[in-house]
Amino acid sequence: EFHAASGTWSELRCYPMPGGGLATLWKDVTAAQRAEESRHYLARASEILAASLDRDETARQLAFLLVPRLADWTSVQLLDEQGVLRQVAVAHVDPAKVAWARELNERYPPDPEQPHGAHEVVRTGKPVLFAEIPEALLVAAAQDAEHLRIMREIGFTSALTVPLAARGRTLGVMTLVSA
């Protein structure tokens, strides 16, 4: 049983007693449950990676694997032949929001000169975690007042951007966002 308020998993077993009554055993199985979920995601990710040589399709499938269990939004950006980050996948449980996010990315493409975000991860090859996204970060990332309004409306609360690498080379990034 999952307890949403505490984010923990429990197992409860009941046993009848010989003279009447019931004995109960409660056990916290959160660690085991999380390990099982990790095994599930790793197994599914391995299946996806082995199933197709089309990197854009593979990126799309990986993005949707993570929503909604690990993130509200997932985005995958890969470097094209000219070394420019190109968004190849966006995942959200609501298809309308996926279309909206693609349009937003086309209207406000990330600035490669920004000192944070996806381009920083490509440059350094190191993940970047924003456990909390303060207002100042939104203001710094916004390209204009409308962009800032949209980002506030989405309600970003945290984000993790990780490099996607193979053979010692960063090929792109995956961003997981909580809203």
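Above: the structure in question.
Residues numbered from 1 in each chain as written. Predicted model: local features only at pLDDT ≥ 70, side-chain atom pairs only at ≥ 80, totals over all residues. Heavy atoms only, no water.

1. With respect to the overall build of the chain
Note the following rule: The way it works is that DSSP assigns letters per residue, a run of H or I at least four long becomes a helix, a run of E at least two long becomes a strand, and they are numbered from the N terminus. We take the radius of gyration over the C-alpha atoms and set the globule estimate at 2.2 Å times the residue count to the 0.38 power. Working definition: with a 1.4 Å probe on protein chains only, accessible area under 20% of the residue-type maximum means buried, over 50% means exposed, and in between means partly exposed. In this description, contact between two residues means that some pair of their heavy atoms is separated by no more than 4.5 Å. To measure how exposed things are, a 1.4 Å probe is used in the Shrake-Rupley method; for residues, cover is taken only from the protein chains shown. Neither His nor the chain ends is counted toward charge; the positive residues are Lys and Arg and the negative residues Asp and Glu. Where a charge sits is defined by one atom per residue type, namely NZ (Lys), CZ (Arg), CG (Asp) or CD (Glu).
The number of helices and strands found in the chain is 6 helices and 8 strands. Shown N-terminal to C-terminal, the secondary structure of the chain runs as helices and strands in the order β-β-β-α-α-β-β-α-α-β-α-α-β-β. In terms of C-alpha radius of gyration, the chain reaches 21 Å, well past the compact-globule figure of 16 Å for 179 residues. Each principal axis of the C-alpha distribution contributes one length, and for the chain these read about 75 × 40 × 30 Å. The buried share of the chain, reckoned over its 179 residues, is 35%. Nonlocal contacts in the chain, meaning residues at least 24 apart in sequence, comprise 45% of its contacts between residues at least 6 apart. Accessible surface computed for the chain: about 11300 Å², of which carbon and sulfur atoms make up 57%. Side chains of the chain carry 18 positive and 23 negative charges; the gap between the two charge centres is 5 Å.

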